[in-house]
Amino acid sequence: MEERFFAAFISCFFIALGVIIGGSFIGSIGDFATGDAPLTSMGRIADRLRIWAIVAAIGGTFDAIANFEKGLTDGSTIDFVKQVLLILSAMGGVKTGIIIIDWFLQKETP
């Protein structure tokens, strides 16, 4: 495995984490401005941002699909495995962000 892959692996985690935390905090400002409860909307916004954080972290869906196709059709399984690991890293960042938001809101995490 290359050194660049590990850098991309770590970047995917923190990009997804940043999208969840930043999006929920900044998004709740809009609810505060309209007179709604910002803390209750923060958890709802974080839940809605899950898939978008993963897509943002892996750099868009077209590249991921192209790498899957390359891995399956060309027999390049290492590209397929790398792409799966990057998606899992992004999913880990999303889960960590949701846990941090739930901790901030003092909610029980299921």
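Look a little higher up for the structure.
All of these numbers come straight from a predicted model, not from anything done at the bench.

Visitor: Describe the overall build of the protein, naming the residues involved and giving the relevant values.
Guide: From N to C terminus, the protein includes five helices and zero strands. Looking at the protein as a whole, 32% of its 110 residues are labelled buried. Contacts in the protein between residues far apart in sequence, at least 24 positions, make up 68% of those at least 6 positions apart. Per element, the accessible surface of the protein, about 7,000 Å² overall, is 68% carbon and sulfur.

Visitor: Describe the packing of aromatic side chains, with residues and values.
Guide: In this structure the tally under the stated criterion is four aromatic pairs. Here the aromatic rings of phenylalanine 5 and phenylalanine 9 are separated by 6.1 Å at their centres, their planes lie at 40°, and the arrangement is tilted. One end of the pair, phenylalanine 5, and the other, phenylalanine 9, are both in helix α1 (residues 3–33), four residues apart, so they sit about a helical turn from each other. Overall, phenylalanine 5 belongs to the buried group, its relative accessible area being 7%. Relative to phenylalanine 14, the ring of phenylalanine 13 lies with its centre 5.0 Å away and its plane at 85°, an arrangement referred to as edge-to-face. With a relative accessible area of 23%, phenylalanine 13 lands in the partly exposed category. Among the aromatic residues, those joined into a ring-pair cluster are Phe5, Phe6 and Phe9.

Visitor: Kindly report on the packing of helix α2 (residues 38–48) against helix α5 (residues 77–105), identifying the contributing residues and their values.
Guide: At a minimum axis separation of 10 Å, α2 and α5 run at an interaxial angle of 170°. When the interaxial angle is binned, α2 and α5 end up roughly antiparallel. Where α2 abuts α5, its residues Leu39, Met42, Gly43, Ala46 and Asp47 lie against Ile98, Ile101, Phe104 and Leu105. For the contact of α2 with α5, the residue count by class is seven nonpolar, one polar and one charged.

Visitor: Requested: an account of unusual backbone geometry, with residues and values cited.
Guide: Residues other than glycine seldom take positive phi values, yet glutamine 106 does so here, at roughly 60°. Along the chain, the position of glutamine 106 falls in the segment after α5. Under the relative-accessibility criterion, glutamine 106 is labelled exposed at 75%.

Visitor: Outline the nonpolar core, supporting the account with residue identities and numerical values.
Guide: Residues Ala16, Ile20, Ala90, Val94 and Ile101 are the most contacted members of the largest nonpolar core, which totals 19 residues. Contributing elements (two or more residues each) for this core: α1, α2, α3 (50–58) and α5. Tallying contributions element by element places α5 first for this core, with seven residues. Sequence-distant contacts of valine 94, defined by excluding residues within four places in its chain, comprise Ala16, Ile20, Arg50, Ala53 and Ile54.

Visitor: How would you summarise the pattern of salt bridges if you had to cite specific residues and measurements?
Guide: Here the structure, examined in full by the defined rule, presents three salt bridges. Here aspartate 47 ties to arginine 50 by a salt bridge, and the two come within 3.3 Å at their closest N and O atoms. You can call arginine 50 partly exposed: its relative accessible area is 35%. Between aspartate 102 and lysine 107 there is a salt bridge; the shortest N-O distance is 3.7 Å. Taking relative accessible area as the criterion, aspartate 102 reaches 8% and is therefore assigned buried.

Reading the values: rules and limits
- Residues numbered from 1 in each chain as written.
- Predicted model: local features only at pLDDT ≥ 70, side-chain atom pairs only at ≥ 80, totals over all residues.
- Heavy atoms only, no water.
- Helix = DSSP H or I, 4+ residues; strand = E, 2+ residues; numbered from the N terminus.
- Buried < 20%, exposed > 50% of the residue type's maximum accessible area, 1.4 Å probe, protein only.
- Contact = heavy atoms within 4.5 Å.
- Areas by Shrake-Rupley, 256 points an atom, 1.4 Å probe, with all protein chains shown as cover.
- Phe/Tyr/Trp six-rings, centres within 6.5 Å; stacked < 30°, edge-to-face > 60°.
- Axes fitted to C-alpha atoms, helices over the stretch in contact; angles between N-to-C directions.
- Parallel < 35°, antiparallel > 145°, perpendicular 65-115°, else oblique.
- Nonpolar A, V, L, I, M, F, W, Y, C, P; charged D, E, K, R; others polar.
- Core = buried A, V, L, I, M, F, W, Y, C linked by side-chain atoms within 4.5 Å.
- Salt bridge = Lys/Arg side-chain N within 4 Å of Asp/Glu carboxyl O.

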